Amino acid sequence: QMQLVQSGGGLVQAGGSLRLSCEASGRSFSSYAMGWFRQAPGKERGFVAGINPSGAGTSYANSVKGRFTISRDNAKNTVYLQMNSLKPEDTAVYYCATDGRGVLATTPGYWGQGTQVTVSS
């Protein structure tokens, strides 16, 4: 059973930074692609960033490219999302997710509980 526990988030001023963490249970974390998604009020959930099992391959939504960095520490079973130069439009509930395999599905099967990120203007 996959368990994803998120931490971080909160309220930050525009231009500021936050780091989200997502710790996974299990012994096969290093075999899983991981991702971050977000859902803003009135909008559908969308992809933010993804990372392959080794951490060598990453992908980003155009809206966050150059500002956000996804990384992972397989020894800690943790994936991170470093968010810099935050904008009010980044305000959303952020979710980490995995499909429990080496590639990230469009709709992963396992999700963290979600963490609120609010960026004030």
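Whatever comes next refers back to the structure up there.
The paragraphs below set out a description of the structure included in this document. Just so we're clear, the structure is a prediction, and the values are computed from it rather than from any experiment. (Residues numbered from 1 in each chain as written. Predicted model: local features only at pLDDT ≥ 70, side-chain atom pairs only at ≥ 80, totals over all residues. Heavy atoms only, no water.)

## Considering the overall build of the protein
Where we set the bar: Numbering goes from the N terminus for both helices and strands, where a helix is a DSSP run of H or I of at least four residues and a strand is a run of E of at least two. Residue contacts are defined here by distance: any two heavy atoms, one from each residue, within 4.5 Å place the two residues in contact. To measure how exposed things are, a 1.4 Å probe is used in the Shrake-Rupley method; for residues, cover is taken only from the protein chains shown. Working convention for charge: Lys and Arg count positive, Asp and Glu count negative, and His plus the chain ends are omitted. By convention, the charge on Lys lies at NZ, on Arg at CZ, on Asp at CG and on Glu at CD.
The helix and strand inventory of the protein stands at 0 helices and 11 strands. The helix and strand sequence of the protein, counted from the amino end, reads β-β-β-β-β-β-β-β-β-β-β. With the C-alpha coordinates aligned to their principal axes, the bounding extent of the protein is approximately 40 × 25 × 25 Å. Taking contacts inside the protein between residues at least 6 apart in sequence as the whole, the part at least 24 apart equals 55%. For the protein, the computed accessible surface area is about 6200 Å², with 45% contributed by carbon and sulfur atoms. Here the protein contributes 11 positive and 6 negative side-chain charges, whose respective centroids are spaced 3 Å apart.

## Focus on the state of the cysteines
Note the cut-off: When the sulfur atoms of two cysteines come within 2.5 Å, that pair is taken as a disulfide. Burial here depends on accessible area, computed with a 1.4 Å probe over protein chains only, as a share of the maximum for the residue type. Under 20% is buried, over 50% is exposed, and the range in between is partly exposed.
Evaluation of the coordinates by the stated rule reveals 1 disulfide. Paired through a disulfide, Cys-22 and Cys-96 show a sulfur-sulfur distance of 1.9 Å. Across the S-S bond of Cys-22 and Cys-96 the torsion is about 55°, and the bridge reads as right-handed. In this pair, Cys-22 is assigned in strand β3 (residues 18-24) and Cys-96 in strand β9 (residues 92-98), connecting sequence segments 74 residues apart. With respect to class, Cys-22 is no different from Cys-96; both count as buried.

## Focus on the nonpolar core
Just so we agree on the cut-off: We define the nonpolar core as a collection of buried residues of types Ala, Val, Leu, Ile, Met, Phe, Trp, Tyr and Cys that are connected through side-chain atoms lying within 4.5 Å of one another.
One finds Trp-36, Leu-81, Met-83 and Tyr-94 to be the most contacted residues of the largest nonpolar core, which totals 29 residues. Only β3, β4 (34-39), β5 (46-51), β7 (68-73), β8 (78-83), β9 and β11 (115-120) provide two or more residues apiece to this core. Among the elements that take part in this core, β3 stands out by supplying 4 residues, more than any other. When sequence neighbours within four positions are dropped, the list of residues in contact with Met-83 reads Gly-16, Ser-17, Leu-18, Leu-20, Arg-67, Phe-68, Tyr-94 and Val-117.

## Considerations on the packing of aromatic side chains
Each aromatic ring pair is characterised by the separation of its centres together with the angle its planes make. Our working definition: In this scheme Phe, Tyr and Trp rings, the latter by its six-membered ring, pair at centre separations within 6.5 Å, and the angle between planes marks the pair as stacked below 30 degrees, edge-to-face above 60, and tilted otherwise. A ring has a charge above it when a Lys NZ or an Arg CZ is no more than 6 Å from the ring centre and no more than 35 degrees off the ring normal.
All chains considered together, the criterion is met by 3 aromatic pairs. With 5.7 Å between their ring centres and 75° between their planes, Phe-37 and Phe-47 make a pair best called edge-to-face. Linking Phe-37 in strand β4 with Phe-47 in strand β5, this pair joins segments that are 10 residues apart in sequence. Taking 6.2 Å as the distance between ring centres and 90° as the angle between the ring planes, the aromatic pair formed by Tyr-95 and Trp-111 counts as edge-to-face. Remark: Trp-111 occurs in strand β10 (residues 110-111) and Tyr-95 occurs in strand β9; sequence separation between them is 16 residues. Look at Tyr-95 and you get buried, because its relative accessible area is 19%. Each residue in the set Phe-37, Phe-47, Tyr-95 and Trp-111 is aromatic and connected to the rest through ring pairs, giving one cluster. The ring of Trp-111 has Arg-45 lying over it, and the distance from NZ or CZ to the ring centre is 3.8 Å. Here the basic side chain of Arg-72 rests over the ring of Phe-29, its NZ or CZ set 4.4 Å away from the ring centre.

These figures come from the coordinates and say nothing about function on their own.
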